[in-house]
Structures are given as structure tokens and as C-alpha cells.
Protein chains: 2
Amino acid sequence: MADKMSREQLLEHVKMLEAKLANAGVEKKKPARQKIDKLSAKVTDENPYSRLMALKRMGIVENYEKIREVTIMLVGVGGVGSVAAEMLTRCGVGKLIMFDYDKVELANMNRLFFRPNQAGMTKVAAASETLADINPDVVFESYSYDITTVKNFEHFQGRMAKGGLNGKPVDLVLCCVDNYEARMAINQACNELDQVWMESGVSENAVSGHIQFCLPGRTACFECSPPLIVSLGGDEKTLKREGVCAASLPTTMGLVSALLVQNVLKYVLNFGSVSYYLGYNALKDFFPTWPMRPNPNCTNAACKKCQAKHKGWEPPVREKKDDAVETEYDNEWGLEVEGEEANDDALQVYPAAVLSLFVSSHGVANPKRGIVNYL
Amino acid sequence: MADKMSREQLLEHVKMLEAKLANAGVEKKKPARQKIDKLSAKVTDENPYSRLMALKRMGIVENYEKIREVTIMLVGVGGVGSVAAEMLTRCGVGKLIMFDYDKVELANMNRLFFRPNQAGMTKVAAASETLADINPDVVFESYSYDITTVKNFEHFQGRMAKGGLNGKPVDLVLCCVDNYEARMAINQACNELDQVWMESGVSENAVSGHIQFCLPGRTACFECSPPLIVSLGGDEKTLKREGVCAASLPTTMGLVSALLVQNVLKYVLNFGSVSYYLGYNALKDFFPTWPMRPNPNCTNAACKKCQAKHKGWEPPVREKKDDAVETEYDNEWGLEVEGEEANDDALQVYPAAVLSLFVSSHGVANPKRGIVNYL
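For chain A, the name recorded in an unreviewed UniProt entry is Ubiquitin-like modifier-activating enzyme 5, with Lotharella globosa as its organism.

Encoded structure:
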């Protein structure tokens, strides 16, 4: 067609094509929304923070704006970590530092977050792209490397100590990895820095999971209570079995992400009760919970150093304020089952050694059910 | 620049621009992956179903392929419904029929799923676009209208009766709406058709929620046990208060979506125990559960007709198989708290009237805690 155009027509045609191309480019690159400097509680369709700031008016959170000062380090951007990252991003966390050495595959599409057209990208690149589009107010930093090598571990721990906003230590580390070595590395780094962290995991058969809140020296570290297979003298590497294709479900992984980030919000924004250990059994819709004391005979030297440092630490007593909040703003339909409140105010903590005993002898831990889990 | 080109150069330039534009278009329209005709358990990076089919090898699900024959109708594509739709899509459900009359706003960005650049689109259009990209194997059908008007209600109920694959009734209806009128409409339609459905809800203060499994005539319908405000003689319209900006969190909504779709999977794929009622209290990480019998004095005539039809119905006894599954494939770290199994095999169902009594007199329902919830 262009062959038959006059020079003037050709020039017009070129202009039109260039404009179309520019638009295509602009449409692709245009940020979906502008940055927002200060959180507002204004109730308009255009305010992405109105429903979050409403938590203040509802009496749930005293100072929601504090979230902008928080830095979360997230290790493992898979089925649990990617959804946790999206939740934190949509909540408007200050800064998010992500680690993962894996690439997105079509085989990951049975879990939330990643899209088929991201297959082949590194998980951190794909996540950063999507998350920055969702909320440009969050500061993102990410690394596509294995944290367990000596060289990377040093850098990883350095970011833990200085990667927070204004060069401070991060506020919280989230462990969303799927293997023993990475968990051991995070545990070691956190014990050495006395860094508060939260653990998460989903079982190979996709129908159970857990989250755990780790305060070095005060609650059990990952080595205080070794997994069954280690305490029985097996090879810890078999925990993530090579060649076995683990099952996974978007439901179980999404639920564990939600439990994890809810615990993060309660911890950093100071509302409700932070859970020390919370399990999820999907087959029975059963949610076991108990706290774990560190093992005085833990083989991890840094853990024992933290234990000495925090000697005499007692779990904080839950504030009475929660009850008032709950009575005032009840379940949507007014239906609510009252908990057994008798022992709510003091935390009961099981020594890790006791749990470890259960694990070693019976294969399952079975402390008294229904232990309270309040901070 | 084009001004100084020769005619030949101009023609070359036009070709190049046209090619670029064509590519931009192709890149935009190219489906992210091809349709897959038959689910495979093959463990490759390219198989989006490998981790789901692994549920069979793990002994959790006997026939995962059955999901392809299932049609789910989902009403309300908001904070809970959109995430539920994504989970069902990633699980490879056969067909998904969605209803919502609302548009995407930036104010929705504090919940998962929708992206800022979808602001202004109808929720069903935005959801269909995203979901078809995630899994082109699912058949999508959607309507952007209010189901509570007389004309729309008729069409809505028609799709319930004939919208399933091959023109059959849908397998399950999910209620993910946020207002009383829409819940009443779904309840009415399901009672009239004796259609099994599941209810979900999140509280205005964003820190509690619930799911409920409704078998017309066998478990309580929405009118069997009226919400507190109605039984106290108040105006039901105040349940969703006008002018009040409800708080919401991606965590609570994501968790309720996960509980809901997990219950759907257990029901349609026949594994684990389907919960009749499961609550979530985020402040305490407490998950109350109890089943509800229909109210013999329910004011809904269609409910009473179903009650007569199903007279003598007893809740199915839980299959023993679950226990075996759980013992074999335990929590990733071998840590598991054993439930109290004494009454697991028979379902205990509270009459709705009793719950209603609790609601009316105390403002909160308080049946014995820890009632088993097995089908």
C-alpha cells in the first residue's frame, strides 16, 4: 500500500505509525497510579488507602501510618512468599527486600500471583515488576541468589543489618522457603543478629501448613527443636525429597500467606494477639497453636548466646484493650463464639525439649490442645 | 528525521514501523499458554497441573480430573470473590459463572487480585480478562448486573438451573456479596431450586469472617437464623451501613477466600471433612466451628418445602480413610497436634433456633466450643 503513496502521504503515514507506536509504548509504561506522599483516610473511590485507614476509625489500629516506616525482608518468593509480598505491598509497607534464586515456570501456575507470561523470568524480577505496578509507594529491593553460599550469606546478613529504611536493621524477616538449608541459613543469620523473624511452611501433600514467630533466645529457634527426621538420625537433606514432585494448592498456600501477614500486621501495628505457633490442618479445618521456649541444650551457639542475653524474659501480658474492641465491633451477623478466656492473660510456653521428645518418640507432637497464644 | 529520508528509506522506515506495531499487537494478544486438552501428572516445568495431579499420588484426592466437569457459580467478585475465582481458575475448574454489577476502583487496591490499571472496568470484565490469561482451559461466563431486581433474578436463577457444563444445573453457588439484599436473593433462588451453596462474609472492621455450607432443608438457610439486628426488630438495611466506609484487609479477605475454596475442593473432589460453619477471629487466631440445623419455623416457604422433602436426612458419617491419609503424610516437620477424636464420626448439629436464641438474648452465639464439623 505504501508503495503507491506520494512523498507527502508517506510522511503523514510515518507520523501516524510513530504516534500509534508511541501510544503503545506509553500505555505499557504508564504507571497505573501516581505515588502518594501521605496516607489519607478520605473516603473516595480514588484513595487506595481509605479501607486501611478505616482500621483506625474502627478502633482496631491506633496508628496505621506506622506501616510506611516498616521494612520487611522476605526470603523465598514462591507459593507462600509471593502472596505474602503482594499482601504487604497492598497494605503499603515502607520497604520490601526479596530474595529468591528461582525462575517462574508454568508448573507454578497452580498457585496465586505469577502469570503464565512471566514464565522464564526470575521470581524476584517478575514479583518486583508486578508489585511496583500495584503500589508504587513501596520501596523494593531484590536479589536473585542462593543465600546459603558463604559469599551470599554475608551479603544477605548485611542487608538484614542495614537494609531497613534509613540504613537501619530490617524490622522483621519472613522465611517462606521450601528447604532445610535455607531455613538453617535464616535461623543462623537471625540468631547472630538477634533479629526477630517469622517462619512458614506447607506440607508436601498440600493439606497442612504452619507459621511460627521466632524471638532469638526467647522462643525456640529452628535448631532448638530439630525436625523428626534429624532427631532420628536421618539425613536432613531428605526433608525436601529430590525427585518427589510435591503437591500444592492455591488455597493452602494462600491461607498460610494470610496467617503469616496477619501476624506481621499485628506485630508491627500493635493490635490483637501475635501467635507464636499456628498450624493449619486443611482436612479437618483444625488450627493447633502453642508457643515454644528455646532449648537450653540447643546446639546453635548463637541461640545460646541470645538465651543468656534475654535470661529472665517473660512473654508480655496481653493488653485488655482487645476485648473492648471485639465487643464493640462484632462479626458481621452478630454471631460470635466466645473463647475460653480463663488463661488468656498469661502466656503458657512449652519448652522445646518437651515438644522434641514428643517428636522423637511418637512422630507427632501432642501437647495439651488449645494452649493460648497471646503475646 | 523522516523529512530528510529518500523515498526508498521512507518505504523501509514504514515497513519497520509496521512490523514493530504488528509485534506490539501480537505481544498483547498472544495467549500466555495454549489450551490443554487432558490433565497430565507429568512432572515438567511446563505442566501447570503437575502439582495438582500430585494430590492423587499423595493419597489426598482419588480423581483430580473430576474438577474439569465442575461448574461453580460465583456471586460477588470483590475482595473475597475475586480471589476465590482466581483459586478456582488456577485449580482448573471446568466452568465459572460470575455476577457483579460493580466497577473496579483504586479504593479496592488494598485487597488482592485487581490491578490499578483496571480501575473503571466492570469487575466481571476485569476478572474474566485476567482469569482467561491465567488459565485458558476454564470456561468463563459473566454478567454485570444486580441480581436482586425482578427481571435479573429470573435470569440469574435460570443460569443456576441450566448454566452448568452441558446445560445441567451448576454444581455449587458461592455467595461472596457484601450486603443483605443480595444474600436474601441467593438464599431464595437456592431454596427454590434445592441448590447447594456456600456463604462467606467478612466483618466491617476487617478482623473477622466466616464461611457456611448450606444444604437447603438440611442445614439452616439464611432466613432460618436471622442476623441479630433483624431478630431485635431493627432495619436489616442497616447491616451494611450507608456512608460508613468499611475497613478491609487483604489478609482477612484472602484467608476467607482460601477457607471457602478449600471447602469447595473438599466437597467436589470428595476428600477431608467439609465444614458447615467455620469462623475466623483474626485478633485471637481463633476458628470457631459448628453446624446448624434448619429452623422448623423458618419464614421462608421454599426452605420449609425443602425441609419436608429432606425429612429424616442425617449428616453423612465421616469416612475413616481421612485418618489413614493424615498419618501417612504428616506436617512437613513431623509436628502435628492430634485432635480430640472422640465424637468425630457423628455430626452434631445445633438447631438454628438455639443459635438464634443466643443471638437474640446475648448478642453473641455461644454454643459449646469445639463442636466437630465433619460431613
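Q: Explanation requested: the overall build of chain A in the structure shown.
A: A count of helices and strands for chain A gives 11 helices and nine strands. By the burial criterion, 59% of the 375 residues in chain A qualify as buried. Across chain A, every contact between residues at least 6 apart in sequence was considered, and the portion connecting residues at least 24 apart equals 67%. When the accessible surface of chain A is summed, it comes to about 15,200 Å², and 53% of that surface belongs to carbon and sulfur atoms.

Q: What is the right way to read helix α2 (residues 50-57) of chain B from this model?
A: One full turn of an α-helix is made of 3.6 residues, so residues set three or four places apart face in the same direction. All names here are of chain B. Buried residues of α2: Ser50, Leu52, Met53, Ala54 and Leu55, and no others. Looking at the buried residues of α2, the elements they touch are α3 (81-91). Trailing α2 by a residue or two, Gly59 shows a phi angle of about 80°, which is positive.

Q: Would you mind showing me how to read the sheet that holds strand β7 (residues 277-281) of chain A here?
A: Strand pairing in a sheet relies on backbone hydrogen bonds, with the paired strands running either antiparallel or parallel. Residues and elements named next belong to chain A. Reading across the sheet, the seven strands line up as β3-β2-β1-β4-β5-β6-β7 and stay open at both edges, with mixed pairing between neighbours. Edge positions in the sheet fall to β3 (139-143) and β7, since each has one partner strand and no second. Across the sheet, the mean angle separating the axes of adjacent strands is 15° when strand polarity is ignored. Inspection of the sheet shows strand β2 (residues 95-99) paired to β3 by five bridges, in the parallel sense. Across the sheet, residue Lys95 finds its bridge partner in β3, namely Val139. Where helix α3 (residues 81-91) meets the sheet, its contacts fall on β1 (71-75), β2, β3 and β4 (172-175), and the angle it forms with β1 comes to roughly 165°. Contacting β1, β4 and β5 (197-202), helix α6 (residues 180-193) runs over the sheet at an angle of about 170° to β5.

Q: What exactly am I supposed to notice about the pairing of strand β4 (residues 172-175) of chain B here?
A: Looking along a regular strand, one sees side chains alternate from face to face of the sheet. Residue and element names in this part refer to chain B. Because side chains alternate across β4, one face comprises the buried residues Leu172 and Leu174, and the other comprises Val173 and Cys175, equally buried. In terms of strand pairing, strand β1 (residues 71-75) meets β4 through four bridges, oriented parallel. Its bridge partner being in β4, Leu74 is matched across the sheet by Leu174. As defined by bridge partners, β4 adjoins strand β5 (residues 197-202) across three bridges and the pair is classed as parallel.

Q: Explain the confidence of the model for chain A to me, please; I cannot follow it from the model alone.
A: The predicted coordinates of low-pLDDT regions are not to be read in fine detail. Mean pLDDT over chain A works out to 81, with 77% of the residues at or above the 70 mark. Note on residues 228-239 of chain A: pLDDT under 50 across the span, and 23 contacts to partners over four residues away in sequence or across chains.

Q: How should the environment of A:Phe222 be read in this particular structure?
A: With respect to the helices and strands, A:Phe222 occurs in the loop between β6 (208-214) and α7 (228-231). Along the primary structure A:Phe222 and A:Tyr180 are separated by 42 residues, whereas in three dimensions their C-alpha atoms are 9.9 Å apart.

Q: Explanation requested: the packing of α3(A) against helix α8 (residues 250-269) of chain A in the structure shown.
A: The relative placement of two packed helices comes down to the angle between their axes together with the axis-to-axis distance. Residues and elements named next belong to chain A. One way to put it is that α3 packs onto α8 with a least axis distance of 8 Å and a crossing angle of 40°. Taken together, the axis directions place α3 and α8 in an arrangement best described as oblique. The two elements α3 and α8 meet at a crossing, and its hand is right-handed. Taken together, the residues of α8 that come into contact with α3 (itself represented by Val83, Ala84, Met87, Leu88 and Cys91) are Gly254, Ser257, Ala258, Leu260, Val261, Val264 and Leu265. Residues of the contact of α3 with α8, tallied by class, amount to 10 nonpolar, two polar and no charged.

Q: Please clarify how the pattern of salt bridges should be interpreted in this entry.
A: Oppositely charged side chains can pair when the atoms bearing their charge come close. The full count for this structure, using the stated rule, is 24 salt bridges over all chains. Between B:Glu65 and B:Lys56 there is a salt bridge, with its nearest N and O atoms 3.0 Å apart. Classification of B:Lys56 by relative accessible area gives partly exposed; the value is 31%. With a closest N to O distance of 2.7 Å, B:Arg159 and B:Glu141 form a salt bridge. In this pair, B:Arg159 sits in helix α5 (residues 150-162) while B:Glu141 sits in strand β3 (residues 139-143), placing the two residues 18 residues apart along the sequence. Here B:Glu141 falls in the buried class, since its relative accessible area comes to 14%. Salt bridges sharing common partners tie together A:Lys95, A:Glu141 and A:Arg159.

Q: In this structure, what is going on with helix α9 (residues 301-309) of chain A? I would like to understand it.
A: All names here are of chain A. Regarding α9, the residues found buried are Ala302, Cys303, Cys306 and Gln307. The arc enclosing the buried residues of α9, seen along the axis, measures out at 145°, which places them on a common side. Those residues of α9 that are exposed and angled more than 90 degrees off the buried face are Ala301, Lys305 and Ala308. Check the buried side of α9 and you find it contacts α6. The N-cap of α9, judged by a side-chain oxygen 3.0 Å from the amide nitrogen of Ala302 a few residues on, is Asn300.

Q: Looking at this model, I keep getting lost on the packing of aromatic side chains. Mind explaining?
A: Scanning all chains against the criterion turns up 21 aromatic pairs over all chains. For the pair A:Tyr280 and A:Phe287, a centre-to-centre distance of 5.2 Å together with 25° between the ring planes defines the contact as stacked. Neither residue differs from the other here; A:Tyr280 and A:Phe287 are each classed as buried. Here the aromatic rings of B:Phe153 and B:Phe156 are separated by 6.3 Å at their centres, their planes lie at 50°, and the arrangement is tilted. Residue B:Phe153 and its partner B:Phe156 are located together in helix α5, separated by three residues, close to a single helical turn. With respect to class, B:Phe153 is no different from B:Phe156; both count as buried.

Analysis parameters
Residues numbered from 1 in each chain as written. Chains lettered and ligands numbered in written order. Predicted model: local features only at pLDDT ≥ 70, side-chain atom pairs only at ≥ 80, totals over all residues. Heavy atoms only, no water. Helix = DSSP H or I, 4+ residues; strand = E, 2+ residues; numbered from the N terminus. Buried < 20%, exposed > 50% of the residue type's maximum accessible area, 1.4 Å probe, protein only. Contact = heavy atoms within 4.5 Å. Areas by Shrake-Rupley, 256 points an atom, 1.4 Å probe, with all protein chains shown as cover. Pairing = 2+ DSSP bridges. Axes fitted to C-alpha atoms, helices over the stretch in contact; angles between N-to-C directions. pLDDT = per-residue confidence, 0-100. Parallel < 35°, antiparallel > 145°, perpendicular 65-115°, else oblique. Left-handed = near helix turned anticlockwise from the far one by under 90°. Nonpolar A, V, L, I, M, F, W, Y, C, P; charged D, E, K, R; others polar. Salt bridge = Lys/Arg side-chain N within 4 Å of Asp/Glu carboxyl O. Arc of directions from axis to C-beta. Polar contact = N/O pair within 3.5 Å; in protein donor to acceptor, adjacent residues only side chain to side chain. Phe/Tyr/Trp six-rings, centres within 6.5 Å; stacked < 30°, edge-to-face > 60°.

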